[in-house]
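Chain residues, written in single-letter form:
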Amino acid sequence: MSASDTPKRSMRTPLGRVRNLGAAHSGTSDFWRQRLTAVAMTLLMIPVIVIIMMLLGRNQAGAAQILGSLPIAVILLLFIFASAWHMKIGMQVVIEDYVHNEKLKLVSVMLNNFFSIAVALASTYAILKLSSGV
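Residues numbered from 1 in each chain as written. Predicted model: local features only at pLDDT ≥ 70, side-chain atom pairs only at ≥ 80, totals over all residues. Heavy atoms only, no water.

- The name given to the protein in an unreviewed UniProt entry is Succinate dehydrogenase hydrophobic membrane anchor subunit, with Bradyrhizobium guangzhouense as the source organism.
- Entered under Pathway (unreviewed entry) in the UniProt record, the comment concerning the protein runs "Carbohydrate metabolism; tricarboxylic acid cycle."
- Word for word, the UniProt comment on the protein under Function (unreviewed entry) is "Membrane-anchoring subunit of succinate dehydrogenase (SDH)." (UniProt positions renumbered as here; feature names shortened; annotations may be inferred.)

Okay, here's the thing in structure tokens:
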């Protein structure tokens with residue numbers, strides 16, 4: 001019997017080995033989504049900082065004029081969506097790892113989803129309202 005014939009010890013179930021999934025069935029995709037949003041936020045950080053610096057010392061009319069530009073509004077909206085998604089994934093991972101009561105975990109994940117959506121919608125509304133000059 002050679003070394004390749006000996007069965008490997010594994011904590012995974014046979015079905016998990018066949019499907020090549022971990023216990024949560026989504027850990028890898030969450031990992032990559034969080035890395036993708038981190039890269040997006042990193043790339044958008046410089047333009048967002050420049051926009052914020054352009055807004056310093058301006059009154060509301062001046063800020064509305066700057067934010068009225070389509071490219072600036074798009075950059076800010078992309079940053080908001082990437083940040084909200086990144087925040088949702090990161091907090092969900094923390095909840096799943098450290099909350100052990102299943103009912104509390106379910107409620108916490110649902111509240112995290114609602115909160116992330118509310119932050120994204122409120123921020124989007126604010127940017128759209130400022131950029132439209134209303």
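What follows continues from the structure just given.
## Details of the UniProt feature "transmembrane region" (unreviewed entry) in the protein
- Mapped onto this numbering, the UniProt entry gives "transmembrane region" (unreviewed entry) at residues 36-56, 62-85 and 106-128.
- Taken as a whole, residues 36-56 contains 95% helix and 0% strand, while its terminal C-alpha atoms sit 30 Å from one another.
- Helix makes up 92% of residues 62-85 and strand 0%, with an end-to-end C-alpha separation of 30 Å. (Helix = DSSP H or I, 4+ residues; strand = E, 2+ residues; numbered from the N terminus.)

## Section: the packing of aromatic side chains
- This structure, assessed with the given rule, holds one aromatic pair.
- Aromatic side chains phenylalanine 31 and tryptophan 32 sit 5.3 Å apart centroid to centroid with 85 degrees between the ring planes, which places their arrangement in the edge-to-face category. (Phe/Tyr/Trp six-rings, centres within 6.5 Å; stacked < 30°, edge-to-face > 60°.)

## Observations concerning helix H3 (residues 60-67)
- Within the span of H3, buried status applies to Gly62, Ala63, Ile66 and Leu67. On an axial view of H3, the arc spanned by its buried residues comes to 130 degrees, and they lie on one face. Turned more than 90 degrees away from the buried face of H3, the exposed residues are Gln60, Ala61 and Gln65. (Buried < 20%, exposed > 50% of the residue type's maximum accessible area, 1.4 Å probe, protein only. Arc of directions from axis to C-beta.)

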